Amino acid sequence: MGDVIESKLNETRVFQPPIDFAQKSNIDKDELDNLREWVKKDYEGFWRHFALKKIEWFKPFKKVLDDSNSPFYKFFEDGELNVSYNCLDRHLKTWRKNKAAIIWESENGNTRIMTYQELYIEVNKFANVLKTLGVKKGDRIVIYMPMIPEAAVAMFACTRIGAVHSVVFGGFSAESLRDRIEDAKPKVVITADGGYRNGKSIPLKSRVDNAVNGIEHKVDYIVTIRHIDRDVHMKPLRDFWYHDLMSDEDYASIYCEPERMNAEDPLFILYTSGSTGKPKGIVHSTAGYLLWTMLTMKWVFDIKDEDTFWCTADIGWITGHSYTVYGPLAMGSTSVMYEGVPTYPTPAKWWELVEKHSINVLYTAPTAIRALMRLGNDWVAKHNLSSLRLLGTVGEPINPEAWMWYYRYIGNENCPIVDTWWQTETGGHMITTVPGVLPAKPGSAGQPLPGIFAEVVDNEGNPVNNPDKGGFLVITKPWPSMLRTIWGDDTRYKETYWSRFNGKYYFAGDGARKDEDDYIWIMGRVDDVLNVSGHRIGTMEVESALVSHECVVEAAVVGRPDEITGEAIVAFVVLKDSADKTRHDELVRELREHVQKEIGSIAKPQEIIFTDSLPKTRSGKIMRRLLKDIAAGNEIKQDISTLEDATVLDKLKELREKMENGNGD
Ligand code: WT7
């Protein structure tokens, strides 16, 4: 890696913040300049100030940063607090008590609104339920749920008693869920009978049954929320209905004392893909994480008390954690939760929601924008979107065409767009254009936020300040919401993020360039991680899923640029001699389904290409870049002298020609 970063974008448009937005924005130019100066001069004083101001502490901290055991940094480590207390209890002392905390809507039109008071009661009761089930501080809980308010209830109930939740995206398969359960070793799994998606129902509870069936780690209890009235199997003494437990006064008494947590106690684990086959359990801390979700809500989303805020991400991803649950609720905002896809029952569903709930700030992903854009403007035009005042994107670089559409048709050229670069590991936004102050350039995330020190460096770690030259994106100072480690694997934490630049910089895994205005342009991952619809998928994960099929000897997976999903998965597969190659189409279908079963539908290859062998270097490393070019139909320019067997290339070229003529798949 490292030799390949060339800049392709050549976008020069600049969009100044709308004047009336700028007049009311939470931060103005002077303040932004001051914040930047302040943190440069007095790094600890800056973080001390905000941590004391934003968080309600049970015991305030004295020490800001402990860097004596880097890269295992600690922030505010002698402080004590509780996240559910900060997100709920403290609002009850104010007029927000009866403010909507969560506005929920499902794709079938069902809605629910939960006030802070209602959410508080539900969380307290469920926290007591978990305690009665034997859950203690530090125990793990896996949450495998649809996008319903109870998912947030479950998360807050964990934080109330100091249990560490690990939310697993409901689109992941039973096998993926099992891997995560085996790693996190939860006492309890919380799920639902099912969820709605694209007009279909998703059988969550039965997947949990499959996941725990025969595994080594024993899950004590499975708690199931009834949501879609689907028949599920309930195993006596292990499985309980949420509503039964919650209506039992002995189990679910109405107040649960919030646990005094240390600032550095783990708040949650969230699994994400890396460049090996095994997902990494990213561990986030209690105080640092909370602080940064709050500050970014204020600075980046310009959140005001009267706003209705909608982040479209599923709670199974970090975006849903930070900007559907923790950030908005810690700020006392109204957070919208939507269960379903953007295009069901019609491609107007999201715009209908914006109008109906009078949404002010909308945060979504380029892949959704592109998918909706493709369906035409008529769907948008049917609805009054004038409540919107700020738009955001996340997950991958946004192509200028999609940016312009979002700006023009959704924002009516009246809303700033914040393109936010960050990662599961960073906990919250890192690079963006503070709205109302910094102009936006379509395709660039912008500048590091105050408190965040990001650089683009070359192989040796020297800054690259040439707008035409790419390098590696690194973070040069610790920040409060950074991951603390990989669950159970400190070594992998050090190796993955800190070894690339000798422990000096956090290496994000992205290539980037910095222009003359210090705007950072993300150029994509430089490791073996794909970005499909804004979701990280490790090529190795898909490869191991493929080779676990009885007909497959070897597989190599690469990404190919895709108009809607950003990248699409292409798999080159070597079949066993025993496989019946005349069953070509059937095998393709079988393998795609197999990957879906192993990982989930997001990892299903778009294309599978059978080949007799894979191009490898003499040391046996698969030459992925070559395959990438072949998959994309590009001219092959790279040096192929290291190829172990040059005839492979001819065969692959032949395959490509076949593909182009339409008989490849
Ligand atoms: C990777 C992190 C953070 C929530 C979403 C995904 C890519 C993310 C942007 C952006 C260009 C972006 C990067 C990053 N990415 N946001 N605004 N512009 N690329 O979280 O699954 O942890 O993935 O997503 O490649 O490393 P994630």
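Residues numbered from 1 in each chain as written. Predicted model: local features only at pLDDT ≥ 70, side-chain atom pairs only at ≥ 80, totals over all residues. Heavy atoms only, no water.

Chemist: Can you break down the pairing of strand S18 (residues 361–364) residue by residue, with the values?
Modeler: The two faces of S18 match: Val361 and Tyr363 on one face and Leu362 and Thr364 on the other face are all buried. The pairing of strand S16 (residues 308–311) with S18 spans three bridges and is classified as parallel. The residue bridging Cys311 from the neighbouring strand is Tyr363, located in S18. In this structure, S18 lies alongside strand S19 (residues 390–394), joined through four bridges in parallel fashion. Looking at S19, one finds that Leu362 is bridged to Leu391. (Buried < 20%, exposed > 50% of the residue type's maximum accessible area, 1.4 Å probe, protein only. Helix = DSSP H or I, 4+ residues; strand = E, 2+ residues; numbered from the N terminus. Pairing = 2+ DSSP bridges.)

Chemist: Go over the pattern of salt bridges, please, and point to the residues and values.
Modeler: Within the structure shown, the criterion is met by 41 salt bridges. With its nearest N and O atoms 2.6 Å apart, the salt bridge here joins Asp517 to Lys441. Taken together, the residues Asp517 in the loop between strand S26 (506–514) and strand S27 (520–525) and Lys441 in the loop between strand S21 (431–432) and strand S22 (447–448) connect sequence positions 76 residues apart. Judged by its relative accessible area of 9%, Lys441 falls in the buried class. Residue Glu554 pairs with Lys616 through a salt bridge whose shortest N-O separation is 2.5 Å. You can see Glu554 sitting in strand S30 (residues 552–562) and its partner Lys616 sitting in the loop between strand S32 (607–610) and helix H19 (624–632), a full 62 residues away along the chain. Residue Glu554 is classed as partly exposed on the basis of its relative accessible area of 23%. Judged by its relative accessible area of 18%, Lys616 falls in the buried class. In the salt-bridge network here, residues are joined through shared partners; they are Glu105, Lys349, Glu352 and Lys356. (Salt bridge = Lys/Arg side-chain N within 4 Å of Asp/Glu carboxyl O.)

Chemist: Go over helix H8 (residues 204–212) with me, naming the residues and quoting the values.
Modeler: The element H8 is largely enclosed, with a buried count of seven among its nine residues. Positive phi shows up at Gly214, right after H8, with a value of about 75°.

Chemist: Go over the sheet that holds S27 with me, naming the residues and quoting the values.
Modeler: A sheet is described by the order of its strands in space; here four strands give the open sequence S23-S24-S26-S27, paired in antiparallel fashion. Pairing within the sheet leaves two strands with one partner each, and these edge strands are strand S23 (454–457) and S27. Geometrically, the sheet is characterised by an average inter-axis angle of 45° between neighbouring strands, direction not taken into account. (Axes fitted to C-alpha atoms, helices over the stretch in contact; angles between N-to-C directions.)

Chemist: Can you explain the site of the ligand? Please cite residues and give values.
Modeler: Taken together, 18 residues lie near the ligand, and Asp419, Thr420, Gln423, Thr424 and Asp510 sit nearest. Asp419 is positioned with one of its side-chain polar atoms (N or O) 2.7 Å from a nitrogen atom of the ligand. In the environment of the ligand, an oxygen atom lies 2.8 Å from a nitrogen or oxygen atom belonging to the side chain of Asp510. In the complex, 95% of the free accessible area of the ligand, which totals 550 Å², lies under the protein chains. (Near = heavy atom within 4 Å. Polar contact = N/O pair within 3.5 Å; in protein donor to acceptor, adjacent residues only side chain to side chain. Areas by Shrake-Rupley, 256 points an atom, 1.4 Å probe, with all protein chains shown as cover.)

Chemist: Describe the confidence of the model for the protein chain, with residues and values.
Modeler: Averaged over the protein chain, the pLDDT score is 94; the fraction of residues at 70 or greater is 97%. Here residues 1–7 is modelled with pLDDT under 50, and outside its nearest four sequence neighbours on either side it reaches 16 contacts, counting other chains as well. (pLDDT = per-residue confidence, 0-100. Contact = heavy atoms within 4.5 Å.)

Chemist: Tell me what's going on with the packing of aromatic side chains, and back it up with residues and numbers.
Modeler: One pass over the full model with this rule turns up 47 aromatic pairs. Pairing Phe50 with Trp299 gives two aromatic rings, centres 5.4 Å apart and planes at 85°, and the pair type is edge-to-face. With Phe50 in helix H3 (residues 43–54) and Trp299 in helix H10 (residues 287–299), this residue pair connects regions lying 249 residues apart in the sequence. The class of Trp299 is buried, set by a relative accessible area of 4%. Ring geometry for Tyr221 versus Phe240: centroids 5.8 Å apart, planes at 55°, classification tilted. With Tyr221 in strand S11 (residues 221–225) and Phe240 in strand S12 (residues 239–241), this pair connects stretches of sequence that are 19 residues apart. Assessed through its relative accessible area of 23%, Tyr221 is described here as partly exposed. Residue Phe240 is classed as partly exposed on the basis of its relative accessible area of 25%. (Phe/Tyr/Trp six-rings, centres within 6.5 Å; stacked < 30°, edge-to-face > 60°.)

Chemist: Account for the sheet that holds strand S15 (residues 280–285), with residues named and values stated.
Modeler: The strand order across the open sheet formed by eight strands is S12-S11-S8-S6-S7-S14-S15-S25, and the pairing between neighbours is mixed. Both edges of this open sheet fall to S12 and strand S25 (485–486), since each of them pairs with a single strand only. When strand S14 (residues 266–272) meets S15, the two strands line up antiparallel, connected through six bridges. Of the residues in S15, the one forming a bridge with Ile269 is Val283.

Chemist: Help me get a handle on the side chain of Thr611, residues and values and all.
Modeler: Mapped onto the secondary structure, Thr611 falls in the loop between S32 and H19. A distance of 2.8 Å separates a polar side-chain atom of Thr611 from the backbone oxygen of Ser613. In contact with Thr611, other than residues within four places in its own chain, are Phe572, Val573, Val574, Leu575, Leu652 and Leu655.

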